[in-house]
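# Descriptive analysis of the structure
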Amino acid sequence: DPERKTEVVLLACGSFNPITNMHLRLFELAKDYLHETGKYKVIKGIISPVGDAYKKKGLISANHRVTMAKLATKNSDWVEVDDWESCQSEWLETLKVLRYHHQKLLSADVTNSLEDAVPITKLGRKRKQEPNRHEPIKKKNRSPVVKSVPQVKLLCGSDMLESFGIPNLWKLEDITEIVEKHGLVCISRAGNNVQKFIYESDILWRYKNNIHLVEEWITNDISSTKIRRALRRGQSIRYLVPDAVRAYIEKNKLYSPESEDRNAGVVLAPLQKHASDSKNSQALH
Amino acid sequence: VRMKSRIPVILLACGSFNPTTNMHMRLFELARDHLHQTGQYQVIEGIMSPVSDNYGKKGLVSARHRVAMAKLALETSDWIRVDPWESEQETWTETVKVLRHHYNESLRVFQSKKEFMRNKHPTERSTGESLSCQQPVLPELKLLCGADFLQTFKTPNLWKEEDIKEIVEKFGLVCISRAGSDPSQYIQESDLLSKFQHNIFLVREWIQNEISATQIRSALCRGLSVKYLIPDSVIAYIAHHNIYTEESERKNEGDLLQPLKLHNTTINPLSD
């Protein structure tokens, strides 16, 4: 029953420094996977580049990263870029970004529901209808009682999932809320250790039904780190990133040995924030 | 080494290109970077040469489509082009013959350039240009391939020994391999290949990007997305002409590849 499908928005958080064809592939793979389960309908993809306050080594200004992501998604009819996270002056936990987009989705959904409603007496155009015309009571798509709540799921690669195990990088309560209330779609290469990683964590195991593992059979290891390395060495990055992104990088001379040195020696924002917090002595495993 | 004294090189890639993927085009970029970084070469052109329909490979769609898709894929490249000559031949053409054809073509271009230069009135040459700078240099033509292609030299009856010899001796190979695989050992194990190893350039692709056309076709048949693996224009073309289907995958099923049909009396050239 197509009306019973859960609507899903895929949210990808990350540096996107720069965005690559691999990042874009994650969305395609996740959408195909969720559609094939028959239970979900992916309605949107959101790329949310991290703010500069993340302080990762080599991270160039958010303005450029957002612009490149927008260039990359120009030809997509469902994936878009959201710069809310990147505009925040302080680093934001991923959970907060998820909550923000979830809230946005819910309020948008309520608005849509109101617009779709076709009550017996409707204001506006319908007033002009003949009095004895039969008006449908049920809304054209669905009724609010039956339709399930749309979800925002975190889209990531296995490296992000496995980073849950890095001490002080994530708060355990955040991880719990992410997998319990939202869900993960994790893309990994064939022959990975992700299932073992989930098995070894009680929290992840408990909510494993909300962690969707998608295998990427077509090996596609285009990491941003490698792209930046190639650029420093004057090597071509054509066909690894969208052409518009490549042209933008070239025009603005974005990546160099100097840019790679940015934030060298600086502690990553989440590590800084959680270092003193005693709660984080709880381990994932 | 100044750019002017570098040896000009043309890269030729032969294959099914069924369809052309981002990985195919990456091979050219990698090869060019590698040759430039040796300081000895200047890559002036890349040629993609799709095989003709009578190669007889399973799932091979018509050359008309494969050439059209390659053209679309290469639209944004300013140095790589598609050449349909091989695909237009009535019979399947050995790779060495394709190399010879393109070499002769470049020779023709070279000779007409020389002619043009010789006939140029002395006053047309700008001051400071010496005669040596004016002489066009005959480019070298090299076969661009992946490491798996190199390994096919071992397949019984697929290649003639004298063809392999001519390819590595007269032309040269630029062979791209993925991180973790090392074809140099394979070259050492072959007397023929080790003799000409100076003419075999091994390039490591550290950014794994193994987009096989077979996987692309499989994904397409299943209605899965291949966006960002092959160019958007090629995706649109495939959809518009409904090129890859279960039926197209069955084409040539059970048939022998044409070179195997021709060479079935030959002994494996590279075994001892």
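Residues numbered from 1 in each chain as written. Chains lettered and ligands numbered in written order. Predicted model: local features only at pLDDT ≥ 70, side-chain atom pairs only at ≥ 80, totals over all residues. Heavy atoms only, no water.

Chain B appears in an unreviewed UniProt entry as Nicotinamide-nucleotide adenylyltransferase from Oreocharis arfaki. You can read under Subcellular location (unreviewed entry) in the UniProt record for chain B the words "Nucleus". What UniProt records for chain B under Subunit (unreviewed entry) is the sentence "Homohexamer. Interacts with ADPRT/PARP1." (UniProt positions renumbered as here; feature names shortened; annotations may be inferred.)

Per an unreviewed UniProt entry, chain A goes by Nicotinamide-nucleotide adenylyltransferase and derives from Oreocharis arfaki. Its UniProt record, at the heading Sequence similarities (unreviewed entry), says of chain A: "Belongs to the eukaryotic NMN adenylyltransferase family."

On to the interface of chain A and chain B, then. Of the residues lining the interface, 24 residues belong to chain A; the matching set on chain B comes to 26 residues. A combined buried area of about 2300 Å² lies between chain A and chain B, and 50% of that area is made up of carbon and sulfur atoms. The largest share of the area that chain A buries against chain B comes from Ile218(A), Thr219(A) and Tyr239(A), three residues that together contribute 29% of it. Linking chain A with chain B are zero salt bridges, by the criterion used here. For the pair chain A and chain B, the number of links is 14 residue pairs in polar contact (both at pLDDT 80 or more). (Contact = heavy atoms within 4.5 Å. Buried area = accessible area lost by both parts, 1.4 Å probe. Salt bridge = Lys/Arg side-chain N within 4 Å of Asp/Glu carboxyl O. Polar contact = N/O pair within 3.5 Å; in protein donor to acceptor, adjacent residues only side chain to side chain.)

Moving on, we come to the pattern of salt bridges. On inspection of all chains with the given rule, the structure shows 29 salt bridges over all chains. The residue Lys160(B) makes a salt bridge to Glu94(B) at a minimum N-O spacing of 3.6 Å. Note that Lys160(B) is positioned in the loop between α6 (147-151) and α7 (161-171) and Glu94(B) in the loop between α3 (85-88) and α4 (95-119), a separation of 66 residues in sequence. Because the salt bridges share partners, they merge into one network encompassing Glu93(A), Lys96(A), Lys171(A) and Lys273(A). (Helix = DSSP H or I, 4+ residues; strand = E, 2+ residues; numbered from the N terminus.)

This part takes up the sheet that holds strand β6 (residues 200-205) of chain B. Residues and elements named next belong to chain B. Pairing in this open sheet of six strands is parallel, and the strands run β3-β2-β1-β4-β5-β6 from one edge to the other. The outermost strands of the open sheet, each flanked by one partner alone, are β3 (80-82) and β6. Sheet twist, expressed as the average angle between the axes of neighbouring strands with direction ignored, equals 25°. Strand direction decides the pairing type here: strand β5 (residues 173-178) and β6, joined by six bridges, are parallel. Across the sheet, the residue bridging to Leu173 is Ile200, located in β6. Seen against the sheet, helix α1 (residues 22-37) touches β1 (7-15), β2 (41-50), β3, β4 (140-146), β5 and β6 and runs at an angle of roughly 160° to β2. This element, α7, spans β4, β5 and β6 of the sheet and lies at about 125° to β4. (Pairing = 2+ DSSP bridges. Axes fitted to C-alpha atoms, helices over the stretch in contact; angles between N-to-C directions.)

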